[in-house]
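Residue-level listing of the chains:
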Amino acid sequence: MKIYAIANQKGGVGKSTTVQALAAGLARAGKSVLMIDIDPQSNLTTISKAVSDAEDKSTVTMLEVLTEERTMDEAIQHVGACDIVPSSMFLASIDGRLTNSLARPFRLQKAISEMKHQYDFIFIDTPPALGTLTNNALIAAESVVITAQADILSLQGVSQIYETIKAAREHANPSLRIEGICLTRYNDRTRLTKEVSGLFETAAREMGTKLFATRIREGIAVKEAQAAREDLFTYDAKSNPAMDYRSLIEEIFGIKVK
């Protein structure tokens, strides 16, 4: 299994959208994919049409998995061509529920290793905050895809998540690599966007990674697909964002999506 965390310290930069699009595209290419939502906001859970514990209190979520009350296999839901382990808004209080501070950052890694299900790819959607949940993702993952918008605040978020990645490498996951930085909601018609893109190129080199050549363009299809609770490829495979994610999948994984 190839395990990827999608991360950035800043919110609203397309992490959940990117997780869903990568998963859906790879599923269309015949790959088996699991999405894991560890963001208490549960955006990925919502747009993927998964059942949350807000809708059904008996639902097994990442909260029960991380507290080791239930297994990852018990939490998996089938949503279209992909599978997902849903989030819970109560993940926000995870630190108070995990009393063993030494084992706390390794719970997700352990849960994945104990899974009976096998997948080609696992994508972890992280919260827009540095802490226990993001640490769990970075320790469990093999690679990180950083999503960002072409603005200064996103660039600052990239710098912050890079410091956390370095700490994860130093203390728990020395082989963790940064796959690259993906610019989302991209508009190449503005001067500011072009200038900030150059700053991201510099930041990527300093981090020992790259800024992906593929930019994900802004498009109403993203919001419409989320409102319909469908992935981009199902909703409008010919939209600009869908075509861009198709290119990104080929750039990262070398896999063509029809």
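A short tour of the structure in this document, coming up. (Residues numbered from 1 in each chain as written. Predicted model: local features only at pLDDT ≥ 70, side-chain atom pairs only at ≥ 80, totals over all residues. Heavy atoms only, no water.)

**Quick look at the sheet that holds strand β4 (residues 82-85)**
Remark on secondary structure: sheet strands pair via backbone hydrogen bonds, oriented parallel or antiparallel. The criterion, for reference: Here, strands pair whenever DSSP counts at least two bridges between them. Under the DSSP-based scheme used, a helix requires at least four consecutive residues in state H or I and a strand at least two consecutive residues in state E, with every element numbered from the N terminus. In this analysis an axis means a line fitted to C-alpha atoms, helices contributing only their contacting stretch, and an angle means the value between N-to-C directions, from 0 to 180 degrees.
Reading across from one edge, β3-β4-β2-β5-β1-β6-β7 is the order of the seven strands in this open sheet, with mixed pairing throughout. Here the strands that pair on one side only, and so sit at the sheet edges, are β3 (77-79) and β7 (177-183). Looking at each pair of strands side by side, their axes are set apart by 25° on average, direction ignored. One ladder, built from four bridges, connects strand β1 (residues 2-7) with strand β6 (residues 143-148); its direction is parallel.

**Section: the layout of surface pockets**
Counted only if it meets this: The distinction between a cavity and a pocket rests on a 1 Å grid over the protein atoms alone: a 1.4 Å probe fits inside a cavity but cannot get out, while a pocket stays open yet meets protein on both sides within 12 Å along at least five of seven lines, and a residue with an atom within 4 Å of a point counts as lining. Grid points are joined across faces, edges and corners, and a volume is the space filled by probe spheres set on the points. Any residue that is not Ala, Val, Leu, Ile, Met, Phe, Trp, Tyr, Cys, Pro, Asp, Glu, Lys or Arg is counted as polar, Gly included; the first ten are nonpolar and the last four charged.
Size it by volume and the largest pocket reaches roughly 440 Å³. Lining the largest pocket are 24 residues, with G12, V13, G14, T17 and Q226 sitting closest to its centre. Contributing elements (two or more residues each) for the lining of the largest pocket: α1 (15-28), α2 (43-47) and α10 (220-228). Each pocket or cavity is described by its volume, and for the second largest pocket that value is around 260 Å³. If you trace the second largest pocket, you find 15 residues lining it, with V79, G80, A81, D231 and T234 closest to the centre. Counting residues per element, the lining of the second largest pocket draws most heavily on α1, at three residues. Looking at side-chain class alone, the lining of the second largest pocket contains six nonpolar, four polar and five charged residues.

**Description of the environment of L199**
Selection criterion: Relative accessible area decides the class of each residue, using a 1.4 Å probe on protein chains only: under 20% of the type maximum gives buried, over 50% gives exposed, and in between gives partly exposed. Note on contacts: a residue pair qualifies if any of its non-hydrogen atoms lie within 4.5 Å across the two residues.
Mapped onto the secondary structure, L199 falls in helix α9 (residues 191-206). Residue classification places L199 among the partly exposed positions, given a relative accessible area of 41%. The spatial distance from the C-alpha of L199 to the C-alpha of A129 is 23 Å, given a sequence separation of 70 residues. When near neighbours in sequence (up to four residues on either side) are disregarded, L199 contacts I152 and L155.

**Quick word on the environment of V60**
Within the secondary structure layout, V60 lies in the loop between α2 and α3 (62-66). For V60, a relative accessible area of 8% corresponds to the buried category. Separated by 28 residues in sequence, V60 and S88 have C-alpha atoms that sit 9.1 Å apart. Not counting chain neighbours up to four residues away, the residues in contact with V60 comprise R70, E74, A75 and P86.

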